[in-house]
Amino acid sequence: KCSSGKLEPLTNHPANLTSFASTARGDRVVYAAETPVSNFVTEDARRDGIHVSHEKLSDLIKGSFGGEDSDHKLFVTRPGDKKEIQAHIDGQIESGEVELSLSPDGKYFVVQTEAKETPLKWGEYEDKFLRTMTRNTGSPGAATNVYQYELVDTHTGASQVLLDAPIAPDLGSEVAWSP
């Protein structure tokens, strides 16, 4: 608190937090956290090997996954409450800063995610980038580089795609809530 200079933890998460948003009253906080680091190299892996399916090459080289280069997880908490709710989103969140926009009443937040799949109808937009990205679909789980907004319920952690439309590349986009 600026008025008293008192520091008080708002979360008790074991991994690094990279972004957060809170209501004006501070009664609800949403945050993005890095995935904790886990090692591929275990006794079982040394004995039996590992099955490589969708792991990043950089993770395989360093022998672990998670941390700052991995996807983020989203959580909702009330300060002073020991439980947190994990948000379940459809898309993926890249590493780096995650932009979270919490509604004034704290019931919902919006987050930009990378679409796991690009619907063919998105290729009907005039944007050449979108036409190219919807035609050149990679293997399942591969990056699409096409983004969307998701609306997340802070009580349940359930999400839904906000608009059945991509976020236009290079134009930027912002979220704003009306009071």
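Everything here concerns the structure above.
Within every chain, residues take consecutive numbers counted from 1 along the sequence as written. The model is predicted, so local features are restricted to residues of pLDDT at least 70 and side-chain atom pairs to those at 80 or more, both for listing and for counting; the totals for chains, interfaces and linings are taken over all residues. Heavy atoms throughout the structure, all of them, feed into the side-chain values; hydrogens and water do not.

### Digging into a nonpolar patch on the surface
On the surface, a nonpolar cluster with roughly 230 Å² of combined accessible area is contributed by Tyr108, Val175 and Trp177. Among the secondary structure elements, Trp177 is positioned in the segment after strand E8 (159–161). Look at Trp177 and you get partly exposed, because its relative accessible area is 32%. The patch calculation keeps residues exceeding 30% relative accessible area without a salt bridge and links them within 9 Å when they carry like charges or within 5 Å when they are nonpolar (Val, Leu, Ile, Met, Phe, Trp, Tyr). Values of accessible area rely on a 1.4 Å probe in the Shrake-Rupley scheme; residue burial ignores everything except the protein chains shown. The term salt bridge refers to a side-chain nitrogen of Lys or Arg lying within 4 Å of a carboxyl oxygen of Asp or Glu. Strands are runs of DSSP state E lasting at least 2 residues, helices are runs of H or I lasting at least 4, and numbering of each runs from the N terminus. Accessible area is worked out with a 1.4 Å probe on protein chains only. A residue is then buried under 20% of its type maximum, exposed over 50%, and partly exposed in between.

### Remarks on the sheet that holds E8
Two strands pair if DSSP finds at least two bridges between them. Taken together, the 4 strands give an open sheet; going across it, the order is E5-E6-E7-E8, and neighbouring strands pair in antiparallel fashion. Sheet topology places strand E5 (100–102) and E8 at the edges, where each strand pairs with a single neighbour. Between one strand and the next, the sheet's axes are offset by a mean angle of 25°, whatever the strand orientation. As paired strands, E5 and strand E6 (residues 108–114) are joined by 3 bridges and run antiparallel to one another. Along E6, the bridge assignment pairs Ser101 with Val110. In this analysis, axes come from line fits to C-alpha atoms, helices being fitted only over the stretch in contact, and the angle between any two N-to-C directions falls in the range 0 to 180 degrees.

### Remarks on the pairing of E6
The element E6 is extensively covered by neighbouring structure, given that 5 of its 7 residues are classed as buried. Between E5 and E6, which follow one another and run antiparallel, lie 5 residues, and Gly106 among them has a positive phi close to 80°. Both E6 and strand E7 (residues 147–153) contribute to a ladder of 7 bridges, which runs antiparallel. Looking at the pairing, Val110 lines up with Leu151 of E7.

### A closer look at the side chain of His72
Note that His72 resides in strand E3 (residues 64–77). Judged by its relative accessible area of 4%, His72 falls in the buried class. Any pair of nitrogen or oxygen atoms within 3.5 Å is treated as a polar contact; in protein, a donor-acceptor pairing is required on top of that, and neighbouring residues in sequence qualify only through side-chain atoms on both sides. Here Thr18 takes part through its side chain, which lies 3.1 Å from a polar atom of the side chain of His72.

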